[in-house]
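# Descriptive structure summary
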Amino acid sequence: MAAAKKSVTQEKGQETKGSRTPLEFTKDQELKALRDMLLIRRFEEKAGQLYGMGAIGGFCHLYIGQEAIVVGMQMVLKPGDEVITGYRDHGHMLATGMEARGVMAELTGRRGGYSRGKGGSMHMFSKEKHFYGGHGIVGAQVSLGTGLAFANRYRGNDNVAIVYFGDGAANQGQVYESFNMAELWKLPAVYVIENNRYAMGTSVSRSSAQQDFSKRGVSFNIPGEQVDGMDVRAVKAAGEKAVKWCREGNGPYILEMQTYRYRGHSMSDPAKYRTREEVDKVRHDSDPIEQVRNRLLAAKVGEQDLKAIDAEVREIVNEAADFAQHDPEPDVSELYTDIYR
Ligand SMILES: Cc1ncc(C[n+]2csc(CCOP(=O)(O)OP(=O)(O)O)c2C)c(N)n1
Ligand SMILES: [Mg+2]
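A quick note: this is a predicted structure, and the numbers were derived from the prediction, not measured.

## With respect to the overall build of the protein
- Per the secondary structure count, the protein includes 12 helices and 7 strands.
- Reported as C-alpha extents along the three principal axes, the dimensions of the protein are approximately 55 × 50 × 40 Å.
- Buried residues in the protein amount to 48% of all 341 residues.

Take a look at the structure:
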């Protein structure tokens, strides 16, 4: 196996508390991780293109760079476990198995979209895949996700709610009310803090008194650890431990995933708060997809096999984009359906 590349944490010159050698993946796990991360990357690139062409309106927040987190976490979930997140949500949806064409058609506001073309990027749900959105209010998903965990406890099932939120959201008040209740009632919630170093244009060092987000549950007795969120194996290993902890009735768990977003906050962000070099360095040193690809090549998996994965993913994304541009818009009669008034 090729030597693991430097983690984002190491690059920042910090020590990774609680880090350990990531468990090795089998070849099949590596191939699946590569395929699933690539699907998200290509989907997001295509969404960016469609946005540029004017085919997508409103806000659009891309997940490029952060793919290892949702893919690694999804590898440890079972059907019934819930997922909830904020507005940077396309990757989470694809990871839960929601269809690319339904997500893309929602972005373009078409009938075949997950919310029939009436919700857009931040308003998609799938009861079947237990995906509970997609929330534009920063931090709102933390209390809602805690409610999902409460429902699991109340019903006496062994499902776990995976509650994703950002470093910026981690400074929100409702997060700590949720933490308190979750630990008090031993709710099965894994709080996954996606620390991509920025909240819009504000870096973590400018916004956060405690920059070790794994410690944010200390005063509530919630255990937490920092994880190299660019290494899908490290994500899966940490996820496994956290989910087991919750499933066994021990209460919540915090995982700080150290990651990076390559694109601006949203499509309209010129990203002047950081240098091109900073982005290039992370891409070059710790890209989550390149890490897996390099390990597979070092393990003598043929270029042909990797190209086949690339082709399969491109076909799914192209088909989704084609559908999303040709499916009709919802009928005007739908204007007042599926809404609260
Ligand atoms: C309650 C609330 N306050 C402010 C905003 C505006 N806003 C949207 S995204 C964002 C930054 C959140 O950053 P972070 O939690 O780190 O997530 P990331 O965008 O990095 O994924 C802010 C302040 C909002 N949507 N909701
Ligand atoms: Mg952030």
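## Points about the nonpolar core
- Val163, Val190, Val192 and Leu255 are the most contacted members of the largest nonpolar core, which has 81 residues in total.
- The greatest single-element share of this core, amounting to 9 residues, is contributed by helix α2 (residues 27-52).
- Filtering out sequence-adjacent residues up to four positions away, valine 163 remains in contact with Ile84, Gln141, Val142, Gly145, Thr146, Ala189, Val190, Tyr191 and Val192.

## Structural notes on the packing of helix α5 (residues 100-107) against helix α12 (residues 303-326)
- Running from N to C, α5 and α12 cross one another at 40°; their axes reach a closest spacing of 8 Å. One way to sum up the angle between α5 and α12 is to call them oblique. In this structure, the crossing between α5 and α12 has a hand that is right-handed. On α12, the residues that touch Ala100, Arg101, Met104, Ala105 and Leu107 of α5 are Ile316, Val317, Glu319, Ala320, Ala321, Phe323 and Ala324.
- A class-by-class count of the residues in the contact of α5 with α12 yields 10 nonpolar, no polar and 2 charged.

## Here we look at α5
- Most of α5 is tucked away: 8 of the 8 residues are buried.
- For α5, the set of buried residues is Ala100, Arg101, Gly102, Val103, Met104, Ala105, Glu106 and Leu107.
- Those residues of α5 that are buried lie in contact with α2, α4 (90-95) and α12.

## With respect to the site of ligand 1
- Lining the immediate environment of ligand 1, one finds 13 residues, of which Val138, Gly166, Gly168, Ala169 and Ala199 sit closest.
- The class makeup of the residues in the shell around ligand 1 is 6 nonpolar, 5 polar and 2 charged.

## Some points on the sheet that holds strand β2 (residues 161-166)
- Strand order in the open sheet made by the 5 strands is β1-β2-β3-β7-β6, with parallel pairing throughout. The open sheet is flanked by β1 (82-84) and β6 (224-228), the only strands paired with a single partner. Taken over all neighbouring pairs, the strand axes of this sheet differ in orientation by 20° on average, direction set aside.
- Of the pairings in the sheet, the one linking β2 to strand β3 (residues 189-195) comprises 6 bridges and is parallel in character. If you follow phenylalanine 165 over to β3, its bridge partner there is isoleucine 193.
- Seen against the sheet, helix α9 (residues 232-247) touches β3, β6 and β7 (253-258) and runs at an angle of roughly 170° to β7.

## As for the packing of α2 against helix α3 (residues 67-74)
- Running from N to C, α2 and α3 point in directions that differ by 135°, and their axes come no closer than 9 Å. The orientation of α2 relative to α3 falls into the category oblique. For the pair α2 and α3, the crossing hand works out as right-handed. Seen from α2, the contacting residues are Ala33, Asp36, Met37, Ile40 and Arg41; seen from α3, they are Glu67, Ala68 and Val71.
- Looking at side-chain class alone, the contact of α2 with α3 contains 5 nonpolar, no polar and 3 charged residues.

## Here's the deal with unusual backbone geometry
- In this structure, lysine 186 takes a positive phi of about 50° despite not being glycine.
- Mapped onto the secondary structure, lysine 186 falls in the loop between α7 (173-184) and β3.
- In this model, arginine 197 sits at a positive phi of 75°, which is unusual for a non-glycine residue.

## A look at the pairing of β6
- Where burial is concerned, most of β6 is hidden: 4 out of the 5 residues are buried.
- Where β6 meets β7, 5 bridges bridge the pair, whose relative direction is parallel. Bridging across to β7, glutamine 226 finds its partner in glutamate 256.
- With α9 bridging β6 and its parallel neighbour β7, the resulting β-α-β unit is right-handed.

Procedures and definitions
- Residues numbered from 1 in each chain as written.
- Chains lettered and ligands numbered in written order.
- Predicted model: local features only at pLDDT ≥ 70, side-chain atom pairs only at ≥ 80, totals over all residues.
- Helix = DSSP H or I, 4+ residues; strand = E, 2+ residues; numbered from the N terminus.
- Buried ≥ 20, exposed ≤ 12 C-beta atoms within 10 Å, placed from the backbone.
- Core = buried A, V, L, I, M, F, W, Y, C linked by C-beta atoms within 7 Å.
- Contact = placed C-beta atoms within 7 Å.
- Axes fitted to C-alpha atoms, helices over the stretch in contact; angles between N-to-C directions.
- Parallel < 35°, antiparallel > 145°, perpendicular 65-115°, else oblique.
- Left-handed = near helix turned anticlockwise from the far one by under 90°.
- Nonpolar A, V, L, I, M, F, W, Y, C, P; charged D, E, K, R; others polar.
- Near = placed C-beta within 6 Å.
- Pairing = 2+ DSSP bridges.
- Right-handed = clockwise from strand over helix to strand, strands pointing away.

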